[in-house]
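# Reading the structure
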Amino acid sequence: MTRREMLALAGCGTLAWGKEITPDITLRIGEIKAELAPGRFVKTLAYNGQVPGPLLRMSEGKQVAVEVVNETNEPEMVHWHGFHIPSNVDGAHEEGTPMVQGRDRRTYAFTPRPSGTRWYHTHAMAGHNLRKGAYSGQYGIVIVEPRDNPGGYDSEVPIVLHEWDPYFSTDMDMDVDYKTFSINGKILGAGEPVRVQQGRRVLFRIVNASATMQHRLALPGHSFDVVALDGNAITTPRSVPVVELAPGERADAIVRMSNPGVWILGEEDNRQRNAGAGIVIEYANAKGPARWVAPPPFNWDYSAFGGSQKVPEPDAIIPVVIEPRNDGNLWAINGKSFPNTDPLMAHPGARNRLIFDNRSDMAHPVHLHRHTFELTRFAGKSMSGVFKDVVTIPARKIVEVDFTADNPGPSLFHCHHQFHMDFGFMALMQY
Ligand SMILES: [Cu+2]
């Protein structure tokens, strides 16, 4: 009997568009007790019994079938963040991807593109339930391998940031804070150290899988040569002492291991780092306690990674005004809150410019599904050459991004801060 026949007999051969597909990857969503440190457990939803979920590798342009088995009682949804794939597999039911019902399974087939550091995570709403959605352990890295990898590094190390024990930090239940932090699912000092050798070049693939928090990471005695943002190569590689990432953002950074010792790669904020937001980097033959030294003051600026070449004029302009609300929803886009937001209408095949006008006192990391955009103007400064799918709009500032509308179908646009997304800050973009 072939594997395919066995799977069909076992009831695993899921029907997708009337065609049986044998999955290349299976993700099982279920409740686990994640061990953040010896004897320190947290109950959460996770993929394949582990936090983060398995590190997935796909090949650009080679079709893959992912089976999602939902072992919980609630509908779930896996979003492929940073992929240019069809709406019916992207992983947002607002776009038309079918949910995986509780105690059900479903196979999604798609052709991964573009290459780079992508990630996958739940796209379920959480609302006031801080055990659901991005507050849970449902996240993992997926590396889409390019056809030819230029390399330039000796090894790669994933770094995935997340928080635990969330609670409402204000009287009005308006914002969320956390008691516990982790990198790669472990509290600082509790997991295996990252073992490195002097003289080697290590590529860190850093993902901020936080539901709501921005993070700033440093590695004392070393600097980060940032080579990609949100998985997309940058035009001006730059050496920086701190990597700053909003929820949903990624940075690929090469670190030349030139300062032997035992160090903490950690969050700059002392409270968060002391509550777990760090990981030990240990050189071969180095001993002693891991050292932390605060980095110099550093202003993270997207434009430092780009050029100043003039970008083409857009064919169409899409205004996106972001405002706070106080009517049960917290946020509005162009005067309306989801699900009543008007669709953002793009011109098919054309270069479209989104103009984000943040009329609030908070920064918002906004994310556009199924497309990559180029930052063309940031807080008054023209720029080019930085391609992303999440961008932080600072408070009271305007940010402009251009994208080519070459992936028809509805695309979700939302704040990647889970509490903002769940309370109005979402709209569909259509052509
Ligand atoms: Cu927001």
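Residues numbered from 1 in each chain as written. Predicted model: local features only at pLDDT ≥ 70, side-chain atom pairs only at ≥ 80, totals over all residues.

## Some remarks on the pairing of strand S15 (residues 215-218)
Inspection of the sheet shows S15 paired to strand S18 (residues 243-245) by three bridges, in the antiparallel sense. Bridge pairing in S18 places Arg-216 opposite Glu-244. Of the strand pairs in this sheet, S15 and strand S20 (residues 262-267) are connected by two bridges, and their pairing is antiparallel. In the sheet register, Leu-217 faces S20, and the bridge partner there is Glu-267. (Pairing = 2+ DSSP bridges. Helix = DSSP H or I, 4+ residues; strand = E, 2+ residues; numbered from the N terminus.)

## Considerations on the domain arrangement of the protein chain
Per the domain assignment, the segments making up the protein chain are domain 1 (3-145), domain 2 (155-300) and domain 3 (316-430). Between the C-alpha centres of domain 2 and domain 3 there is a distance of 27 Å. Between domain 2 and domain 3, the contact holds 14 residues from the first and 14 residues from the second. Considering each element in turn, the side of domain 2 that touches domain 3 owes the most residues, four residues, to strand S17 (residues 232-240). A breakdown of the residues in the side of domain 2 that touches domain 3 according to their chemical character gives six nonpolar, five polar and three charged. (Domains from an automatic or database assignment. Contact = placed C-beta atoms within 7 Å. Nonpolar A, V, L, I, M, F, W, Y, C, P; charged D, E, K, R; others polar.)

## Things to note about the sheet that holds S15
Here five strands make up an open sheet; going across it, the order is S13-S21-S20-S15-S18 and the pairing mixed. Strands at the two margins of the open sheet, each flanked by one partner only, are strand S13 (194-196) and S18. The sheet shows a mean angle of 20° between the axes of neighbouring strands, taken without regard to direction. (Axes fitted to C-alpha atoms, helices over the stretch in contact; angles between N-to-C directions.)

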